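Observations on chain architecture
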Amino acid sequence: MRITKIETALLDANFEWLLVRVRTDSGLTGVSEAHWGFGVRDAIHRFAQYLEGRDPRHVERLWREMYELVSGAAWQGSTICAMNGIEIALWDLLGKYLGQPVWQLLGGTYRDDVRILLDLHAGESYKLGDKTKVGWRNPEAAYEPSAYAERARNAAARGFTALKFDIDIPTIRELDPFNHCVTPGQVDQIVEIVGAVRDAVGRDVDVAIDCHWHYNTADAIRIAKALEPFDLLWLEDPVRPENVAAMAEVTRNTATPICTGENLYLSHGFRELLGTNACRIIEPDFPRSGGISESRRIAHLAEMNYVPFAPHNVGGPLATIAASHVCANVPNFLVLEFHADDIPWYSDLITGDVPAFTGGALPVTSSPGFGVDINDDVAKEHQKYPDEPLWQ
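For clarity, every value in this text was computed on a predicted model and none was experimentally measured. Throughout this document, residue positions are counted from 1 along each chain, in the order its sequence is written. Given that this is a predicted model, residues contribute local features only at a pLDDT of at least 70 and side-chain atom pairs are listed and counted only at 80 or more, while totals for whole chains, interfaces and linings are drawn from all residues. Values shown for side chains rest on all heavy atoms present in the structure; no hydrogens or waters enter the calculation.

1. What about the overall build of the protein chain?
Secondary structure assignment for the protein chain yields 13 helices and 15 strands. Our radius of gyration looks at C-alpha atoms and nothing else; its globule reference is 2.2 Å times the residue count to the power 0.38. For a compact globule of 392 residues, the expected C-alpha radius of gyration is about 21 Å, and the protein chain comes in at 21 Å, within 12% of that figure. Relative accessibility under 20% of the residue-type maximum defines a buried residue, over 50% an exposed one, and the middle range a partly exposed one, all with a 1.4 Å probe and only protein chains included. For the protein chain, the proportion of its 392 residues judged to be buried stands at 57%. Counting every atom, the protein chain has about 15,800 Å² of accessible surface; 50% of that belongs to carbon and sulfur. Note on conventions: DSSP H or I runs of at least 4 residues are helices, E runs of at least 2 residues are strands, and numbering of each starts at the N terminus. Methods summary: accessible areas were calculated by the Shrake-Rupley approach with a probe of 1.4 Å, and residue burial reflects only the protein chains presented.

2. Topic: the packing of aromatic side chains
Two aromatic rings, drawn from Phe, Tyr or Trp (for Trp, its six-membered ring), form a pair once their centres lie within 6.5 Å of each other, and the interplanar angle then sorts them: stacked below 30 degrees, edge-to-face above 60, tilted otherwise. On inspection of all chains with the given rule, the structure shows nine aromatic pairs. Here the aromatic rings of phenylalanine 160 and phenylalanine 357 are separated by 6.2 Å at their centres, their planes lie at 55°, and the arrangement is tilted. Placement of phenylalanine 160 in the loop between helix H6 (145-157) and strand S7 (162-166) and of phenylalanine 357 in the loop between strand S13 (350-352) and strand S14 (361-363) is noted, with a sequence separation of 197 residues between them. For phenylalanine 160, a relative accessible area of 6% gives the class buried. Centroid distance phenylalanine 338 to tyrosine 346: 5.0 Å. Interplanar angle 80°. Geometry classified as edge-to-face. Here the aromatic cluster, defined as three or more aromatic residues joined through ring pairs, consists of Trp17, Phe160, Phe338, Trp345, Tyr346 and Phe357. A ring has a charge above it when a Lys NZ or an Arg CZ is no more than 6 Å from the ring centre and no more than 35 degrees off the ring normal. If you follow arginine 64 out to its NZ or CZ, it ends over the ring of tyrosine 67, 5.5 Å from the centre.

3. Regarding the packing of helix H2 (residues 59-70) against helix H3 (residues 78-98)
Lines fitted to the C-alpha atoms define the axes, with helices restricted to the stretch that makes contact. Angles between their N-to-C directions range from 0 to 180 degrees. Two elements in contact, H2 and H3, have axes whose closest approach is 9 Å; the angle formed by their N-to-C orientations is 165°. The angle between the axes of H2 and H3 places the two elements in the roughly antiparallel class. H3 is crossed by H2, and the crossing has right-handed handedness. For the pair H2 and H3, the contacting residues are Val59, Glu60, Leu62, Trp63, Met66, Tyr67 and Val70 in the first and Thr79, Met83, Asn84, Ile86, Glu87, Leu90, Trp91 and Leu94 in the second. In this classification, Asp, Glu, Lys and Arg are treated as charged, Ala, Val, Leu, Ile, Met, Phe, Trp, Tyr, Cys and Pro as nonpolar, and every other residue, Gly included, as polar. Residues belonging to the contact of H2 with H3 are distributed by class as follows: eleven nonpolar, two polar and two charged. Working definition: roughly parallel below 35 degrees, roughly antiparallel above 145 degrees, roughly perpendicular at 65 to 115 degrees, and oblique for all remaining angles. Handedness of each helix crossing follows the sense of rotation of the near helix against the far helix: counterclockwise by less than a right angle gives left-handed, clockwise gives right-handed. Residue contacts are defined here by distance: any two heavy atoms, one from each residue, within 4.5 Å place the two residues in contact.

4. Focus on unusual backbone geometry
Not every positive phi belongs to a glycine, and histidine 180 is a case in point at roughly 60°. Its location among the elements puts histidine 180 in the loop between S7 and helix H7 (184-201). Classification of histidine 180 as partly exposed rests on a relative accessible area of 23%. Unusually for a residue other than glycine, leucine 266 sits at a positive phi of about 65°. Along the chain, leucine 266 falls in the loop between strand S10 (258-260) and helix H10 (268-275).

5. Some remarks on the environment of isoleucine 190
By the secondary structure assignment, isoleucine 190 is in helix H7. A C-alpha to C-alpha distance of 44 Å links isoleucine 190 and methionine 66, two positions 124 residues apart in sequence.

6. A word on the sheet that holds strand S2 (residues 16-24)
For two strands to pair, DSSP has to find at least two bridges joining them. Reading across from one edge, S1-S2-S3 is the order of the three strands in this open sheet, with antiparallel pairing throughout. For this open sheet the edge positions go to strand S1 (3-12) and strand S3 (29-34), each flanked by a neighbour on one side alone. In this sheet, neighbouring strand axes are inclined to one another by 20° on average, regardless of whether the strands run parallel or antiparallel. On the sheet, H3 packs against S1, S2 and S3 and is oriented at approximately 150° with respect to S3.

What follows is the structure in structure tokens.
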């Protein structure tokens, strides 16, 4: 079996969804989703020139060869995302070739479904042209504590037991966007929002809060301590990820669990973070940080340090289902983020063994590979650039 073509399709959803398809001379195909970002699509096409004609069954060898191919160049960021997108599709292809789900190729599962962390925004969904937006039409009303509470109640009523909200919102912007400082009044606003969510869902639903790196170390500690009464699942990325010592300083000075990792690459990117106890929970972004094999290595490294593994995920159904196979396979899994609750055509994009969310969890597919394929007709309806061919 040989790779004959690697193609990509770029869709316009809550984020860009960059689909990947690996074709072979046997007729089997593997599908996946790469992380969106500058240059990722181009990098996949550059790798395709190297991989066409190769045997796709040697997944880790091909990944290592891609790694070596770019290790002397600017290999972080888009290059790693491209490698991961191809690697995930190769695992799907290998599972289809062997007639086994990917989780079986990894050694089996600890669980039959994975708990979902539903990432939400305040305000109600509404149509803006042909896109669904949330909370942008009337920001002042959309970001009131009552809007957060309503969204939380709705999600809990649908069975979700873990929710995530942002606090870096237009109504609580820093006075100076470059010094990352907040006022006591802004901290009070954050507390009011989080308190409204906690009151709305009670103590049987976990609540996580995302900061998106908006605060300096001192103010991050102040916010984390102010939120301690609400027993958060975690406070995410309170400071920028480059400075592990600063993240550790926040972690040491609050009882609120600190979570980070979506902007780190490969297991080496997590070594210092975990080795210095700089956070309490890690959230590698599955198609960005490492794909199938490297995400498992990151999870195992975290397990050695007694840290839960909670993958970040802003992708579509292919990224989510692929991530669920890794989440089912590692013992220290906590929750898997789901960020596409407001995309009405989410499940229509795929065919085959399409799983449905049940009780706040996602069943792990059991058909060969990831058990799904891409519905080209639906993908065509949501192309980022409608005038170009769907598959490049």
